[in-house]
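Here is what each chain is made of, one letter per residue.
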Amino acid sequence: MRKALVAANWKMNGRRSANEQLISALVSGAEQAGAGVVDIVVCPPAVYLADVRQRLAGSLIELGAQNVSSEKADGAYTGECSAQMFQDAGCSWVLIGHSERRARYGETEEVVAAKLLAALDAGLNPVLCVGETLEQRQAGKLVEVVSSQVVSALSTLSVDALSKVVVAYEPVWAIGTGLTASPDQAQEVHAMIRAVVAEFAGKDSAQKMRILYGGSVNATNAESIFAQPDIDGGLVGGASLKAEEFLAICRASADLAAVG
Ligand code: PGA
């Protein structure tokens, strides 16, 4: 039985006062929303991690970063933050290879793999984001693209390292667009990802791996998506900026866990 996980990806949004309100609403609603039954993670912009950490203290909500340097050792890398720094700042999670980073900041599969290793090395749990563009899907390349993203980042990891990794399937065409993959479409890709992982890591590791769906998840569609057998929660962008909506998404996941 895999424990569900719902992660908030704030992206480049938020200011101190708005964050304060958002976090205090999340903290007071967390228990009711099923924190503990479901792992809940918040990934604010790096500059606000310390603030948010302070406000999360004593709650069941965990902290994550949105990106990390591929460099492991300290040094002359202006503007970068290392995995060890995020660990030191109280993060237990980090998003790796989000499609916005791949598309806008030129993150190649090699860079993504290096970031993932740096995260694991520092004791962070990576959330590896994968997903196809609309053109790739329409050209029939979905399986090729997504499996290559999974294989290049994960196929050389030990069983132990792999057990710390969560995968997020985020079709690029569904991110921030209001379009979601249908529950069936998402389930099909999640099952495919699990089969790919089983090929290089064995069935047991693949069965244990949590695979989240991301792309316009909201309080209305969360339940039908999370109800799919290979979908273990969600990575939520826009809807994570509204406390009530994000808590409702967590609740949908927790209710399904209660049903079993
Ligand atoms: P969205 O973003 O929920 O706003 O579509 C999801 C993500 O990019 O992680």
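Structure: see above.
Computed from a predicted structure; not experimentally measured. (Residues numbered from 1 in each chain as written. Predicted model: local features only at pLDDT ≥ 70, side-chain atom pairs only at ≥ 80, totals over all residues. Heavy atoms only, no water.)

## Looking at the site of the ligand
No. 1: Among the 13 residues in the neighbourhood of the ligand, the closest are listed as Lys11, His98, Glu170, Gly176 and Ser216.
No. 2: At a separation of 2.6 Å, an oxygen atom of the ligand approaches a polar backbone atom of Gly176.
No. 3: Its free accessible area being 280 Å², the ligand has 95% of it covered by the protein chains.
No. 4: Of the residues belonging to the shell around the ligand, the class tally is 4 nonpolar, 7 polar and 2 charged. (Near = heavy atom within 4 Å. Polar contact = N/O pair within 3.5 Å; in protein donor to acceptor, adjacent residues only side chain to side chain. Areas by Shrake-Rupley, 256 points an atom, 1.4 Å probe, with all protein chains shown as cover. Nonpolar A, V, L, I, M, F, W, Y, C, P; charged D, E, K, R; others polar.)

## Describing helix 5 (residues 109-121)
No. 1: Relative to the 18 Å expected for 13 residues at 1.5 Å per residue, helix 5 spans 18 Å between its end C-alpha atoms, a close match to the ideal helical length.
No. 2: All of the buried residues in helix 5 are Val112, Ala113, Lys115, Leu116, Ala118, Ala119 and Leu120.
No. 3: Note on helix 5: the residue one or two positions beyond its end, Gly123, has a positive phi of about 85°. (Helix = DSSP H or I, 4+ residues; strand = E, 2+ residues; numbered from the N terminus. Expected span 1.5 Å × (residues − 1). Buried < 20%, exposed > 50% of the residue type's maximum accessible area, 1.4 Å probe, protein only.)

## Observations regarding the layout of surface pockets
No. 1: Roughly 680 Å³ of volume is contained in the largest pocket.
No. 2: As for the largest pocket, its lining consists of 25 residues, and the residues nearest its centre are Lys11, Met12, Gln66, Asn67 and Arg101.
No. 3: In this structure, the second largest pocket encloses a volume near 350 Å³.
No. 4: Lining the second largest pocket we find 15 residues, and of these Met1, Arg2, Phe226, Ile231 and Asp232 sit closest to its centre.
No. 5: Sort the elements by how many residues they give to the lining of the second largest pocket and helix 12 (residues 243-259) lands first, with 4 residues.
No. 6: Partitioning the lining of the second largest pocket into residue classes produces 9 nonpolar, 4 polar and 2 charged. (1 Å grid on protein atoms, 1.4 Å probe; cavity = no way out; pocket = protein on both sides within 12 Å on 5 of 7 lines; lining within 4 Å. Points joined across faces, edges and corners; volume = space filled by probe spheres on them.)

## Examining unusual backbone geometry
No. 1: In this model, Lys11 sits at a positive phi of 55°, which is unusual for a non-glycine residue.
No. 2: Tracing the chain through its elements places Lys11 in the loop between strand 1 (5-9) and helix 1 (16-29).
No. 3: Assessed through its relative accessible area of 21%, Lys11 is described here as partly exposed.
No. 4: Even without glycine at this site, Ser216 takes up a positive phi of about 60°.
No. 5: Among the secondary structure elements, Ser216 is positioned in the loop between strand 7 (210-214) and helix 11 (222-226).

## Digging into the nonpolar core
No. 1: Ranked by size, the top nonpolar core spans 72 residues in total, and within it Leu26, Leu128, Val146, Leu154, Ile193 and Tyr213 carry the most contacts.
No. 2: Here this core gets 7 residues from one element, more than from any other, and that element is helix 12.
No. 3: Those residues in contact with Val146 that lie beyond four places of it in its chain are Val130, Gly131, Glu132, Tyr169, Val189, Met192 and Ile193. (Core = buried A, V, L, I, M, F, W, Y, C linked by side-chain atoms within 4.5 Å. Contact = heavy atoms within 4.5 Å.)

## So, the sheet that holds strand 7
No. 1: Taking strand neighbours around the barrel as the criterion, the 8 strands line up as 1-2-3-4-5-6-7-8 in a closed arrangement whose pairing is parallel. Across the sheet, the mean angle from the axis of one strand to that of its neighbour is 25°, orientation sign disregarded.
No. 2: Bridge count between strand 4 (residues 93-96) and strand 5 (residues 125-130): 4 bridges; the pairing is parallel. Its bridge partner lying in strand 5, Val94 is registered against Pro126.
No. 3: Lying over the sheet, helix 12 contacts strand 1, strand 2 (39-43) and strand 8 (233-236), oriented at roughly 160° with respect to strand 1. (Pairing = 2+ DSSP bridges. Axes fitted to C-alpha atoms, helices over the stretch in contact; angles between N-to-C directions.)

## Quick word on the environment of Ala8
No. 1: Residue placement: Ala8 occurs in strand 1.
No. 2: The exposure class assigned to Ala8 is buried, which follows from its relative accessible area of 0%.
No. 3: Taking the C-alpha atoms as reference points, Ala8 and Gly64, 56 residues apart in sequence, are found 8.9 Å from one another.
No. 4: Contact partners of Ala8, with chain neighbours within four places excluded, come to Val41, Val42, Cys43, Val236, Ser240 and Phe246.

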